[in-house]
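So you can see what is in the structure, the chains are spelled out below.
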Amino acid sequence: MKQKKVKNITLLCKVVDNYGDIGVVYRLARSIKERENCLLRLIVDNLKTFKSICSQIDSFAAFQEINGIKVFDWNNKEICTKEFIQNPPDIILECFQCGRPEWLEDILFEKEIPPSSSASSSLPVYKKRCPVYIINIEYLTAESWANDFHLLKSGTRSPYIKKINFMPGFTKQTGGLILDNSFINLLQNKMTSYFQLQEYKDIVNVLQDPHSFNVLFFSYERDCASIIQALNQLNVYFSSINKYLNVFCASSFFLSEYNKQGKPFRLISLPFLDQQSWDALLVNCDFLFIRGEDSFSRACLSGIPFVWDIYKQAENAHEAKLKAFLDLLNEFFTDKNKKLINTLMLSYNNIEDYVLTPAVLLDVLQNINDLKKDFKSFASHLLDNGNLTDNLLGTSKNCNF
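What you are looking at is a predicted structure, and each value in this text was computed from that prediction instead of being measured. (Residues numbered from 1 in each chain as written. Predicted model: local features only at pLDDT ≥ 70, side-chain atom pairs only at ≥ 80, totals over all residues. Heavy atoms only, no water.)

(A) Looking closely at the pattern of salt bridges. Counting across every chain of the model gives 18 salt bridges. Ionic pairing is found between Arg27 and Asp294, a salt bridge with its closest N-O pair at 2.8 Å. One end of the pair, Arg27, is in helix α1 (residues 20-35); the other, Asp294, is in helix α12 (residues 293-302), with 267 residues separating them in the sequence. Among the ionic pairs, Glu34 bridges to Arg35, the shortest N-O distance being 3.0 Å. For Glu34, a relative accessible area of 34% puts it in the partly exposed group. Residue Arg35 is classed as partly exposed on the basis of its relative accessible area of 27%. Ionic contacts of the salt-bridge type, sharing partners, join the residues Arg27, Arg30, Asp180, Asp279, Asp294 and Arg298 into one network. (Salt bridge = Lys/Arg side-chain N within 4 Å of Asp/Glu carboxyl O. Helix = DSSP H or I, 4+ residues; strand = E, 2+ residues; numbered from the N terminus. Buried < 20%, exposed > 50% of the residue type's maximum accessible area, 1.4 Å probe, protein only.)

Now the structure itself:
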């Protein structure tokens, strides 16, 4: 059967975890635009945070268009109601359990719009046209239930509003990860990354030094004493072999502890980088301290050794999520490297009785070349799984659930 063309796609995003949610949703929007000629709308409830990763965004605009993507302020009921009545959605991507704005609920489920609204007379009657399909995009997880939950149907209170669940993931039984053209180009051509960082010449100069070992630090707030001590010991070792440690720091609390310990190695305090500049820096580093879903997924795809600061959840639900990820990762690691990375990840996240010490981290950093082979194997597996965007568009074009 020939796939139908999707007329328009709308993404919904509530900014919950700083930049993680909007980072993934903006990357997905860009990736859809690369692959599909359609009306693409992005509804965001926090434009100020969005502007942090996309400098073109106007934090105060009810409507704007960025690189072919129409961006709406979730909170502006009047503008959004008018737009969505005139151009009803075919596909709604409801990202990370964000729910739907009240004005969109009114349109979808044909709730009476007050007579004072100029749009009331043009309220569409959905019973006279094709159904609207809602695709609920969940958080990324390596837990086994993701395979079963992927593409599972979900009920709504109207027979004309259809809903299905879509799971990003690490297996072919899930939707995979976003392989946007910009990021793939960075993995394949490091020169592209220097171009994307051209506004930050000091960063580029450090990255281009063949004697440098580059670490990116991006974490939730924590005690960094052990981390800085381990990096200092590594720096002392590097000095004896004409190599230099550079730490790119995106966390102010790390800088405070670094100053307290006497600035023991070179640190570059990062300005706030847009998403593509951040990607360019990430792929040029030798080790990553990472947090947030968007940066976590890029780290997985990069083949660069990393430690993940997982977002803490109620009743320690994050522990099962981390252990499921480590079980997956272990499939691609030698026995020696399994022990190294498991101990680091568990101690870094204070799981069970594991405690992060300088020795734990230093052990990993001193075996970085061996670890890199296994991380690259894992990344190759993820790339072979296919592109989440292609899988999502395929689901959208075959909507008959």
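And the narrative resumes.
(B) Quick look at the packing of aromatic side chains. Under the defined criterion, the tally for this structure stands at 28 aromatic pairs. Pairing Phe170 with Phe325 gives two aromatic rings, centres 5.7 Å apart and planes at 50 degrees, and the pair type is tilted. Residue Phe170 is located in the loop between β8 (161-166) and α6 (181-188), and its partner Phe325 is located in helix α13 (residues 317-330); the two are separated by 155 residues in the primary sequence. Among the residues examined, Phe170 registers a relative accessible area of 2% and is labelled buried. Under the relative-accessibility criterion, Phe325 is labelled buried at 1%. (Phe/Tyr/Trp six-rings, centres within 6.5 Å; stacked < 30°, edge-to-face > 60°.)

(C) Structural view of the packing of helix α11 (residues 275-282) against α12. Where α11 meets α12, the axes come as close as 11 Å, and the angle between the chain directions of the two elements is 40 degrees. As for how α11 packs across α12, the hand of that crossing is right-handed. Where α11 approaches α12, its residues Gln275, Trp278, Asp279 and Leu282 are matched on the opposing element by Asp294, Ser295, Arg298, Ala299 and Ser302. Of the residues belonging to the contact of α11 with α12, the class tally is three nonpolar, three polar and three charged. (Axes fitted to C-alpha atoms, helices over the stretch in contact; angles between N-to-C directions. Left-handed = near helix turned anticlockwise from the far one by under 90°. Contact = heavy atoms within 4.5 Å. Nonpolar A, V, L, I, M, F, W, Y, C, P; charged D, E, K, R; others polar.)

(D) Layout of empty space enclosed by the protein. Evaluation of the coordinates by the stated rule reveals one cavity of 30 Å³ or more. Estimates place the volume of the largest cavity at around 140 Å³. Lining the largest cavity are 15 residues, with Val24, Pro168, Ile178, Glu293 and Leu388 positioned closest to its centre. The element that contributes the greatest number of residues to the lining of the largest cavity is α12, accounting for four residues. Residues of the lining of the largest cavity, tallied by class, amount to eleven nonpolar, one polar and three charged. (1 Å grid on protein atoms, 1.4 Å probe; cavity = no way out; pocket = protein on both sides within 12 Å on 5 of 7 lines; lining within 4 Å. Points joined across faces, edges and corners; volume = space filled by probe spheres on them.)

(E) Structural view of the sheet that holds strand β4 (residues 69-73). In spatial order, the strands read β3-β4-β2-β1-β5-β6-β8-β7; together these eight strands make up an open sheet with mixed pairing. Each of the sheet's edge strands pairs with one partner strand only, and the pair in question is β3 (63-66) and β7 (153-154). In the packing of helix α3 (residues 77-86) onto the sheet, the strands contacted are β1 (8-13), β2 (39-44), β3 and β4, and the crossing angle to β4 comes to about 140 degrees. (Pairing = 2+ DSSP bridges.)

(F) Fine view of the sheet that holds strand β12 (residues 287-291). Strand order in the open sheet made by the five strands is β11-β10-β9-β12-β13, with parallel pairing throughout. Where the open sheet ends on each side, the last strands, each with one partner, are β11 (266-269) and β13 (306-309). Geometrically, the sheet is characterised by an average inter-axis angle of 15 degrees between neighbouring strands, direction not taken into account. Sheet topology note: the β12/β13 ladder contains four bridges and is parallel.

(G) Molecular detail of the pairing of β12. Counting buried residues along β12, five of its five residues qualify, which places the element largely inside the surrounding structure. Of the two faces of β12, the one holding Phe287, Phe289 and Arg291 and the one holding Leu288 and Ile290 are both buried throughout. As paired elements, strand β9 (residues 212-217) and β12 share three bridges and run parallel to each other. What sits directly across from Phe217, in β12, is Phe289. What joins β12 to β13 is α12, and the crossover it makes is right-handed. (Right-handed = clockwise from strand over helix to strand, strands pointing away.)

(H) Representation of the environment of Val355 within the structure. You can see Val355 is positioned in the loop between α14 (335-348) and α15 (358-366). Taking the C-alpha atoms as reference points, Val355 and Phe265, 90 residues apart in sequence, are found 24 Å from one another. Those residues in contact with Val355, other than ones at most four positions away along the chain, are Ser347 and Val360.

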